[in-house]
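Chain and residue survey
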Amino acid sequence: MPASQRVLVEIYRKMALIKHNDDRFISMIKAGRLTMPYYSARGQECIPAAISVLLTDRDYITTIYRGVHDMLAKGVPPKLLWAELAGRATGTCKGKGGPMHITHPESGCMVTTGIVGASMPIACGLGLAAQVRGEDRVVIANFGDGASNIGAFHESLNLAAVWKLPVIFVCQNNLFAEHTTLANGTAVQDISVRAAGYGIPGVTVDGNDPRAVYDAAQEAIRRARAGDGPSLLEAKTFRFNGHVFGDAGEYIPKDQYAAAVANDPYPRFRDALIAEDVATSAELDEIDALIETEINEAVTFAMDSPFPELSELGIDIYAPVGQA
Amino acid sequence: MPASQRVLVEIYRKMALIKHNDDRFISMIKAGRLTMPYYSARGQECIPAAISVLLTDRDYITTIYRGVHDMLAKGVPPKLLWAELAGRATGTCKGKGGPMHITHPESGCMVTTGIVGASMPIACGLGLAAQVRGEDRVVIANFGDGASNIGAFHESLNLAAVWKLPVIFVCQNNLFAEHTTLANGTAVQDISVRAAGYGIPGVTVDGNDPRAVYDAAQEAIRRARAGDGPSLLEAKTFRFNGHVFGDAGEYIPKDQYAAAVANDPYPRFRDALIAEDVATSAELDEIDALIETEINEAVTFAMDSPFPELSELGIDIYAPVGQA
Amino acid sequence: MSQTLVKPPAKINTVQAINLAIADAMEADENVIVFGEDVADLEGGGIVKVTQGLSTRFGGNRVRSTPISEMGFVGAAVGASLVGLRPVVEVMLMNFTAVCMDQITNHAAKLRFMSGGQTHVPLVIRTMTGAGFGTGGQHSDFLEAWFCHTPGIKVVAPSNPADAYGLMRAAIADEDPVIFIEHLPTYWVAGPAPAPGHFVPLGKAAIVQEGRDVTLIGYSRSVHDIRAAAVNLEKSGISCEVIDLRTISPLDMPTILASVAKTGRAVVVHEAVRSFGAGAEISARLHEQLWTKLKAPVQRVASKDCPVPFSKPLETGFLYSVDDIEIAVRTTLANA
Amino acid sequence: MSQTLVKPPAKINTVQAINLAIADAMEADENVIVFGEDVADLEGGGIVKVTQGLSTRFGGNRVRSTPISEMGFVGAAVGASLVGLRPVVEVMLMNFTAVCMDQITNHAAKLRFMSGGQTHVPLVIRTMTGAGFGTGGQHSDFLEAWFCHTPGIKVVAPSNPADAYGLMRAAIADEDPVIFIEHLPTYWVAGPAPAPGHFVPLGKAAIVQEGRDVTLIGYSRSVHDIRAAAVNLEKSGISCEVIDLRTISPLDMPTILASVAKTGRAVVVHEAVRSFGAGAEISARLHEQLWTKLKAPVQRVASKDCPVPFSKPLETGFLYSVDDIEIAVRTTLANA
Ligand SMILES: Cc1ncc(C[n+]2csc(CCOP(=O)(O)OP(=O)(O)O)c2C)c(N)n1
Ligand SMILES: Cc1ncc(C[n+]2csc(CCOP(=O)(O)OP(=O)(O)O)c2C)c(N)n1
Ligand SMILES: [Mg+2]
Ligand SMILES: [Mg+2]
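An account of the accompanying structure is given in this report.

Rules used in this analysis
- Residues numbered from 1 in each chain as written.
- Chains lettered and ligands numbered in written order.
- Predicted model: local features only at pLDDT ≥ 70, side-chain atom pairs only at ≥ 80, totals over all residues.
- Heavy atoms only, no water.
- Contact = heavy atoms within 4.5 Å.
- Buried area = accessible area lost by both parts, 1.4 Å probe.
- Salt bridge = Lys/Arg side-chain N within 4 Å of Asp/Glu carboxyl O.
- Polar contact = N/O pair within 3.5 Å; in protein donor to acceptor, adjacent residues only side chain to side chain.
- Helix = DSSP H or I, 4+ residues; strand = E, 2+ residues; numbered from the N terminus.
- Least-squares fit on C-alpha atoms with pLDDT ≥ 70 in both.
- Pairing = 2+ DSSP bridges.
- Axes fitted to C-alpha atoms, helices over the stretch in contact; angles between N-to-C directions.
- Near = heavy atom within 4 Å.
- Areas by Shrake-Rupley, 256 points an atom, 1.4 Å probe, with all protein chains shown as cover.
- Buried < 20%, exposed > 50% of the residue type's maximum accessible area, 1.4 Å probe, protein only.
- Donors = N, O, S within 2.8 Å, 3.2 Å for Na, K, Ca; no water.

The interface of chain D with chain C comprises 52 residues on the first partner and 52 residues on the second. Taken over both partners, the interface formed by chain D and chain C buries close to 4,500 Å², and the fraction arising from carbon and sulfur atoms is 64%. Three residues stand out in chain D for area buried against chain C, namely H149, F276 and W291 of chain D, and they jointly supply 20% of the buried area on that side. Taken together, chain D and chain C are joined by 8 salt bridges. Counting across the chain D and chain C interface gives 28 residue pairs in polar contact (both at pLDDT 80 or more). Within the residue set of the side of chain D that touches chain C, elements represented by two or more residues are α5 (101-108), α6 (111-114), α7 (144-148), β12 (247-249), β13 (266-273) and α11 (278-289) of chain D. The element best represented in the side of chain D that touches chain C is α11 of chain D, accounting for 8 residues.

In structure tokens:
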């Protein structure tokens, strides 16, 4: 079933939230008001936006250091994210996790890892739990193209296939792993061809095209919910802000960068919605305005929040005595 | 180029050596004269026999705990192997390695590992060394079907493909990983299909047919020597003596076992050589007799050899002082 | 098989004790699931048969054999535990923890802290080890020190069947990840059966034998050896207090300190290689905390600082001996 | 870039020193090769630019960026070293050793022994770590204790540019595997440049400063802090001897013992978490070997026993402070 107009607008809203939020993070870092290693996902917003509209609160995601877009799309409240990235006691993880380790179970964000590939086995376990308990939940396991070369990828896809786990492996292929091009690190051009090695469906889509991502995700999620097991969904995209904040991107060929920017998913989708009469410019502006307000509130909330107490160093290592 | 008659007889000789040697190990273990965990490769002798005739002394192999067949085929002297498995100071590794850790650089056996999958990355490094130095050497990386599910397999094949390393990954698919069937641990029936995930050739052959193994290995070795990179060669086979000595094999379906034994590569090849007039029964008996003598000598050598001195515990941990 | 275990006999071995503990925990809590290589009955119920009968009794949904993918299935156990299952996974041999170290140390151990307490990892990783069976350099190492040095994970190593039962029950009930170290060579040594439902709290050492002159501290295999040494030393009139740590991390310092404060002397014994082993931490803490009470420096008895050799005489020489323990005790006593 | 390093200036930083050491070693021995993620110039010469210029100068055959496959490429380094190459590989951050632990501990460290000395592994694994940059729980751990507890591998951690140069040269020349720990937060601290071809032997500690009252022992970052503490304590008339271990395993016991025999007091300081850390081994050995000479128990100063937290105040609180060192010194002096 193709995405309805309502769904398309919701995808837009999520993309806009991700984009505007990213802009604001960067301006705050540049202003010296936030200090942290920041892995911007600007350019990749379409992928989680288009997938997450197919999910419920019961469904899980796992993601990576470059995961703020995944979290916002899945529903982590911006103010909790801001507070976490500002290292405040009011953050998702009381400031103890930081940008690479956001967890927010209420919205289904179960784990964010800084170790390439490591959230894929964990995603299998989330899917396993749903399967063991007979619950209707799927897991979206987000990872990068570079991660498809690490052992955990392979073990996870095989395990998920053998056990028919309800996991959708989403490779956000932004063509770079840190400074290494796809070709220099990965023996195949399309990660999706690896699916055949596990006897599962593998498909590559334009990760900047919400409809393409939506359609492919819909089929993969359908399979997973039907008990038919995992799929590998590769979404080709680009990251506009390099690997980590401060990355000057000398290693990115200029024409490749220019072409990617010309294909920026946010204006592209916005323009398409207007051109196709799905929404008017004014309607989208209104969405953007609400988002600006939400982000403003998040920034204020975070900056006004206290830092965690030093006693936190002794807490959350083990369960409190008596509870275990 | 198909195998010449001379080569076919040499393959027979290696197969016979492996088979008779295995028989003797087992009778010595049963007699209580050898104590060690023994992973018999009986049933898989055709694979290294048919591959090793395509190799020179300069070429390397890596293998696994189930690797005595690979070592004998590559030329490790039986008496050194026997002494090692008997824990004697005269063994390949002075008795310090044991059955799972045979090394014998003179014959190109560079590493034997007890950790599933771990010798594959090491094989890449051996190939890398040849490549860096511009030497004409190939590496045969032996492993099992179960090992194709571990991360090291994936990382190795991708790395070898990206760097075009002269490595032939030989999956000796004996349909079991310890007690787990192929189907219960591996998402695909033919491991060779995984080659596509690395953009390299992958082929499955009857591992009990020396000509099939020889032909496929010849092509893979040619590619490697030509600088065209790695291949994945899967040889379907069976292990007749279970996972480790003492394994009663209750988990192996009786009919599957019977069918495998009916397809025993040793008598099958022997009969074929005679039927096709490649060799007479008497000629093959003569080969067998020489092998018996060699094994007898090996057993005597091993059993007459001293155990290592306790001082060996302090040796070979680091280079002797002054040498480093 | 597990049927025969429902009513435990007066004596059982550690294989049976752990089997029984897992079975009882699975019976009591449907969140307990089991997986690992070959653990289901179709695959023989574990290569040492510790999990025999479980898949038949509790079904293939809860008890599964896995591919050879320790990173994959230990990670899956982490994931399942994040949402409330209580996986008991088998990493067949302790050396294989090296292929899934990242899931154990960077994830299982840290997720409670990094999530600010929102999630936690009630996971038991069973693993066996121990030299003596000629399995050589990659199948016999005691690596508990790696995990003891990793805050967030608990490290348990029983020395007898009843404790194995009680510690396994406690480990499964624990809200945090536990490495549960089983000693292969003593798996089949019989001992008194535990009472049904017996729990041994994590983090509590046992005074196995009271004594006056010196405190002998061990865990896993070494408890057998320090007990043997204590019996021998008794004949020379040396009275040993014997402590079985049971949990190596976190250490039960109150019990250790009380004992050594009393005896003034301590010998720590473990099968792991000596240097940078768990014994060093115990020694360091004793000196730090009992400086004025110690009559002699704490002695450590451990395996030689080399890989585990294959050849029988070398393997035996690699391991400490009961003699070594006795010598260490006499050395501490020779001190002022 | 490396061109400008050929004639070293009077002061250089550790990034430059290691770059220079590798370049000089590559120049001297064509068996030296370099690989790791992003280490070639096309990829920026390493994320911290430690390997910048090497691929341009020595070619893509000898200097290669790898896929994200630590198991794969560390294993490949083991394999290449078995036949005489001398790989210098980068495992970007020390926590990532957890994904290739098997190649390091079960293979690199053991192959000399398990092969009965037929093969060996002249391999350097460079890795960086250290808290202070807000990278959180999975990017800042000091894990040297894991490797120190693994016979067959050497563990090196320089504290200054000249030592970094000399230790790197020695590590590359060494016939056995070396874990070379670089401290990210002090990478850019300048220090005196090494003389060309300067080698610092592995296994030899340096007496950085002589003193009478107490021996302060550290490595990597902690050397900066014990020096700072020594300066402060000097003002109270406390004279500290400062030892920079440089190699953590094997320990240079003669140097350590001679110093502590003289001062009678010792404080060991490291950034790794306290429990079951390398400091425990040093403490245990000092008590064992200098029982009659010690005037006070050896003190340990280390990071808190928890994962590295993200939030700045917590990260600072996780780390020990120079104050903590001074308090430990005063504590040892307060003792009889
Ligand atoms: C095991 C491991 N190795 C290396 C790194 C360092 N590292 C962090 S991100 C990254 C690149 C990952 O690329 P990709 O998977 O394509 O994801 P992207 O960053 O492009 O989203 C690397 C190598 C790491 N975090 N973990
Ligand atoms: C990392 C690791 N996990 C588990 C084991 C235990 N183990 C030893 S052999 C084996 C089965 C391997 O099967 P396969 O790769 O098919 O080789 P085969 O034994 O059939 O020749 C297993 C699981 C191991 N040695 N290493
Ligand atoms: Mg990428
Ligand atoms: Mg097999």
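Back to the text.
Another aspect to go through is the relation of the copies chain D and chain C. Note on the copies: chain D fits chain C at an RMSD of 0.0 Å, the axial shift is 0.0 Å, and the rotation between them is 180°. Classification of the inter-copy transformation places it as that of a two-fold axis. A shared binding surface is used by both copies, with 100% of the interface residues of chain D retained as interface residues in chain C.

Residues and elements named next belong to chain D. Here we have 5 strands laid out as an open sheet, ordered β9-β11-β10-β13-β14, and mixed in their pairing. Each having just a single partner strand, β9 (206-209) and β14 (299-303) make up the two edges of the open sheet. The sheet shows a mean angle of 25° between the axes of neighbouring strands, taken without regard to direction. Bridge count between strand β10 (residues 214-218) and strand β11 (residues 240-244): 5 bridges; the pairing is parallel. Residue pairing for β11: I217 is matched across the bridge by I243. Set on the sheet, α11 makes contact with β10, β13 and β14; between it and β13 the angle comes to about 160°.

Around ligand 2, a shell composed of 21 residues is seen, among which Y65, R66, G114 and G146 of chain B together with E70 of chain C lie nearest. This site is not confined to one chain, since residues near ligand 2 come from chains B and C. D145 of chain B is positioned such that a nitrogen or oxygen atom in its side chain is 2.8 Å from an oxygen atom of ligand 2. At a separation of 2.8 Å, an oxygen atom of ligand 2 approaches a polar backbone atom of G146 of chain B. When the free accessible area of ligand 2 is taken as 580 Å², the share hidden by the protein chains comes to 98%.

Our focus in this paragraph is helix α5 (residues 101-108) of chain C. In terms of residue burial, α5 of chain C counts as a mostly covered element, since 8 of its 8 residues are buried. Taken as a whole, α5 of chain C has its buried residues at M101, D102, Q103, I104, T105, N106, H107 and A108 of chain C.

Turning to the coordination of the magnesium ion (ligand 4), a few remarks are in order. All names here are of chain B. Each protein donor to the magnesium ion (ligand 4) is listed here as D145 (OD), N174 (OD1) and F176 (O); together their distances run 2.0 to 2.1 Å. When the donor residues of the magnesium ion (ligand 4) are listed from N- to C-terminus, their spacing reads D-x28-N-x1-F. One end of the pair, D145, is in the loop between β3 (139-144) and α6 (151-163); the other, F176, is in strand β5 (residues 176-177), with 31 residues separating them in the sequence. For D145, a relative accessible area of 2% gives the class buried. Classification of F176 by relative accessible area gives buried; the value is 3%.

It is worth spelling out the interface of chain C and chain A at this point. If you look at the interface, chain C gives 43 residues, while chain A gives 42 residues. A combined buried area of about 3,400 Å² lies between chain C and chain A, and 65% of that area is made up of carbon and sulfur atoms. For the pair chain C and chain A, the number of links is 0 salt bridges. Summed over the shared surface of chain C and chain A, the number is 17 residue pairs in polar contact (both at pLDDT 80 or more). Looking at the side of chain C that touches chain A, the elements that each hand over two or more residues are β2 (32-36), β3 (63-65), α4 (70-82), α5 and α6 (111-114) of chain C. Counting residues per element, the side of chain C that touches chain A draws most heavily on α4 of chain C, at 10 residues.

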